[in-house]
Amino acid sequence: MERMRESKMHKKCIHRCHPSSKHSVIYQTWAITVDVPELTYEVARGDTITIPCTFKTIKTYISAVSVDWTAYADVDTDPDIEIISGYYPKNGDPTIDAGDGYQGRASLQYDLAKGIANLQLSSVTSKETRVFQCKVSIPGDKTGKLSDTTKVVVLVAPSKPICKIQGKVKFYQNINLICYSEEGIPTPTYRWTSFDFRNISRPNPPKSIDVNGVLSLYNISEDSSGYYACTSTNKIRSQTCSVFLDVIPYPINSWCVAGNTPSPVPDFSGV
């Protein structure tokens, strides 16, 4: 008798609890499913982005649908942002409520028949690099996957780079040409190119090293003179700055015709 009772209890547990049971499948079928297709969306600062969100339900009669878009901060101390919400009754006009600072910037692209609840956001700012959540609520359909999230990454084009000369622009000296952009997401990469006085492209001087925006020139000479351009690039776009080198020979500083005093030699190190 004990074995028969245990066997019946075991069968009862299998029927109700096993994840592959018919009961479990029916439960999932009745649930609403909300989906944002991609894990991450990238947008350039100042541009417009549309974040797709779809929902499915087999509920035959839908009296109303509520859609809520919220942006969660990466830092706990930053508040969450209620971007926009919409209430769409079966009979009657919808009610749309955009959060502070999002009036005229945020809108919903809603279609019940197609199960669409997209968010469109214009004039995107850097503070909108956040996790965005789409939540869809249907009366009487409270189970399942009611929301989904995605990460929005706001990209920033490189600012116009700053080019500087570090060191004395004189024969046989070692100098650095420095280039950097004060902003850019993702972090820009830098590349130096060289041009002669006729503005014809040429290879960078022998033994020069171009690393992270710093072009190191060694034992410079008259052949090092010319224009040097630095291009700052990320996946958004590129910006360029340039410097001009006019390498001064040392002999001029000490050369003197008897009875004459040479004119001062200009210092181009600050160019």
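Before reading further, recall that the structure is shown in the block above.
Small disclaimer: the values here were computed from a predicted structure and weren't measured.

Per the counting criterion, the structure on display carries 5 aromatic pairs. Between F55 and Y110 the ring centres are 6.4 Å apart and the planes differ by 10 degrees, which places this aromatic pair in the stacked class. A residue pair is termed long-range when its members are at least 10 positions apart, and F55 in strand 4 (residues 54-56) and Y110 in strand 8 (residues 106-111) qualify at 55 residues. Residue classification places F55 among the buried residues on the basis of a relative accessible area of 6%. Assessed through its relative accessible area of 24%, Y110 is described here as partly exposed. An angle of 45 degrees between the planes, with centres 4.9 Å apart, marks the rings of Y227 and F244 as tilted. Of the two residues, Y227 sits in strand 19 (residues 226-233) while F244 sits in strand 20 (residues 238-245), which places them 17 residues apart along the sequence.

Moving on, we get to the sheet that holds strand 5 (residues 64-72). Taken in spatial order, the 6 strands make up an open sheet running 2-12-10-5-6-7, and their pairing is mixed. Taken across any chain shown, the strands that pair with only one partner, and hence form the sheet edges, are strand 2 (40-44) and strand 7 (95-98). When the angles between neighbouring strand axes are averaged without regard to direction, this sheet yields 15 degrees.

As a further point, take the sheet that holds strand 19. The sheet built from 4 strands is open, its strands ordered 16-15-19-20 with antiparallel pairing. Strands with a single pairing partner mark the edges of an open sheet, and in this sheet they are strand 16 (201-202) and strand 20. For strand 19 and strand 20, the ladder comprises 8 bridges, and the chain directions are antiparallel. Residue pairing across strands places G226 opposite L245, the latter belonging to strand 20.

About the cut-offs
Residues numbered from 1 in each chain as written. Predicted model: local features only at pLDDT ≥ 70, side-chain atom pairs only at ≥ 80, totals over all residues. Heavy atoms only, no water. Phe/Tyr/Trp six-rings, centres within 6.5 Å; stacked < 30°, edge-to-face > 60°. Helix = DSSP H or I, 4+ residues; strand = E, 2+ residues; numbered from the N terminus. Buried < 20%, exposed > 50% of the residue type's maximum accessible area, 1.4 Å probe, protein only. Pairing = 2+ DSSP bridges. Axes fitted to C-alpha atoms, helices over the stretch in contact; angles between N-to-C directions.

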